[in-house]
Each structure stands twice: as structure tokens, then as C-alpha cells.
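# Structural overview for review
Chain residues, written in single-letter form:
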Amino acid sequence: MLNALEVFTTVVVGLMVGVEFSVAFVINPILNALPGDGGQLGRAHGGRMLGAVMPVWYITSLVLVAVWAIARWHHPGSGLTVTAGALLILSVIMSILLLVPINNRGRTWTPDNRPADWKQQMSRWDRLHYVRVAVIIAAFTLLVVALL
């Protein structure tokens, strides 16, 4: 049963990492290259859509890792799992304090109401998102190694 929890948790976290990696290195570069207002409108829509889904995914991932860490507390690899959990906590804190406020503004913008510095705000979000992606990739890597 615990092996199933470990594999399920790793898959859930891995899929989350894949989505966030895709946003950083595929979706946003595509949107940024669109002519006119298409990129800004796409980012606003993505902010609304993923802004509704990703908090649940992050918290679910964190809870699963916590259950794994508690269930395997005195087993080999538990330090890796605890560290992965700490990195996921860091990613949630980063999200709440740094990324969500920008996302909440950006998802309401249209070409008619966006601020003059909207591109700078989106660049800041992108830079912070790259750091968050690195943090969750590290967490995922630790979970994979803990499976071995």
C-alpha cells in the first residue's frame, strides 16, 4: 500500500512539474511571440484557468508528500521525502507571496484596462516562476530518488 502511495505521489508531483515547466518554457514564450494583444489576452486567460487549478494541485501534492514522509519516517529515504516536502512548502510560500498577487492582477487585464507597465509585471512573474520551477523540479527529483 505504501509503495502505491509513493508512486501515486511521484506521478502527481511529476505532472504538476510538467505543467509548470511547460508554462515557463513553452506556453509563455509562444504567447509572448504573438502579435498585437494576443499574448496579453492569452496570459490573462491562462492566469484565470491555471489560477483556479494549480493551488489545489500544489496543496494536494504537499499533503501526499507529508503522508509519505510520515508513513516512512524511520525508513531509508525519509530525509529525501522530508526535504522534498520542505521544497514544496517553499514553492507554496513563493506562490502566495510573490506570484499570486501578480497573477491576480494580470488575469483581469484587457487591452483597455491593463497598466502601462504590464509587460514588466509579466517579466517579473516569469522570473519568479523560473525559480519556482527549479524548486519543484528539485522536490520531484528528491521524490524519484527516494523511490530507489
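That block above? That's the structure.
## Considerations on the packing of helix α2 (residues 38-71) against helix α3 (residues 78-106)
Where α2 meets α3, the closest approach of the two axes is 10 Å, and the angle between their N-to-C directions is 160°. As far as their axial angle goes, α3 and α2 are roughly antiparallel. Relative to α3, α2 is oriented so that their crossing is left-handed. Contacts between α2 and α3 pair Ala44, Gly47, Gly51, Tyr58, Ile59, Ser61, Leu62, Val65, Trp68 and Ala69 from the former with Thr81, Val82, Ala84, Gly85, Leu88, Ile89, Ser91, Val92, Ser95, Asn103 and Gly106 from the latter. The class makeup of the residues in the contact of α2 with α3 is 12 nonpolar, nine polar and no charged.

## Focus: the packing of aromatic side chains
Applying the stated criterion across every chain yields a total of two aromatic pairs. Aromatic pair Phe21 and Phe25: ring centres 4.7 Å apart, planes at 40°, arrangement tilted. Separated by four residues within a single helix, Phe21 and Phe25 lie in helix α1 (residues 2-33), roughly one turn from each other. Judged by relative accessible area, Phe25 falls into the partly exposed class, the value being 45%. Seen in terms of ring centroids, Phe25 and Tyr130 are 5.4 Å apart; in terms of plane orientation they differ by 20°. Their pairing is stacked. With Phe25 in helix α1 and Tyr130 in helix α4 (residues 118-147), the pair connects residues that are 105 residues apart, well separated along the chain.

## Some thoughts on a nonpolar patch on the surface
Together, Phe21, Phe25, Val26, Ile27, Ile30, Tyr130 and Ile137 make up a nonpolar patch on the protein surface, roughly 600 Å² of accessible area in all. When contributions to the nonpolar patch are tallied by element, the ones reaching two or more residues are α1 and α4. Among the elements that take part in the nonpolar patch, α1 stands out by supplying five residues, more than any other. For Ile137, the location among the structural elements is in helix α4.

So, how was this worked out
Residues numbered from 1 in each chain as written. Predicted model: local features only at pLDDT ≥ 70, side-chain atom pairs only at ≥ 80, totals over all residues. Heavy atoms only, no water. Axes fitted to C-alpha atoms, helices over the stretch in contact; angles between N-to-C directions. Helix = DSSP H or I, 4+ residues; strand = E, 2+ residues; numbered from the N terminus. Parallel < 35°, antiparallel > 145°, perpendicular 65-115°, else oblique. Left-handed = near helix turned anticlockwise from the far one by under 90°. Contact = heavy atoms within 4.5 Å. Nonpolar A, V, L, I, M, F, W, Y, C, P; charged D, E, K, R; others polar. Phe/Tyr/Trp six-rings, centres within 6.5 Å; stacked < 30°, edge-to-face > 60°. Buried < 20%, exposed > 50% of the residue type's maximum accessible area, 1.4 Å probe, protein only. Patch = residues over 30% accessible without salt bridge, like charges linked within 9 Å, V, L, I, M, F, W, Y side chains within 5 Å. Areas by Shrake-Rupley, 256 points an atom, 1.4 Å probe, with all protein chains shown as cover. Salt bridge = Lys/Arg side-chain N within 4 Å of Asp/Glu carboxyl O.

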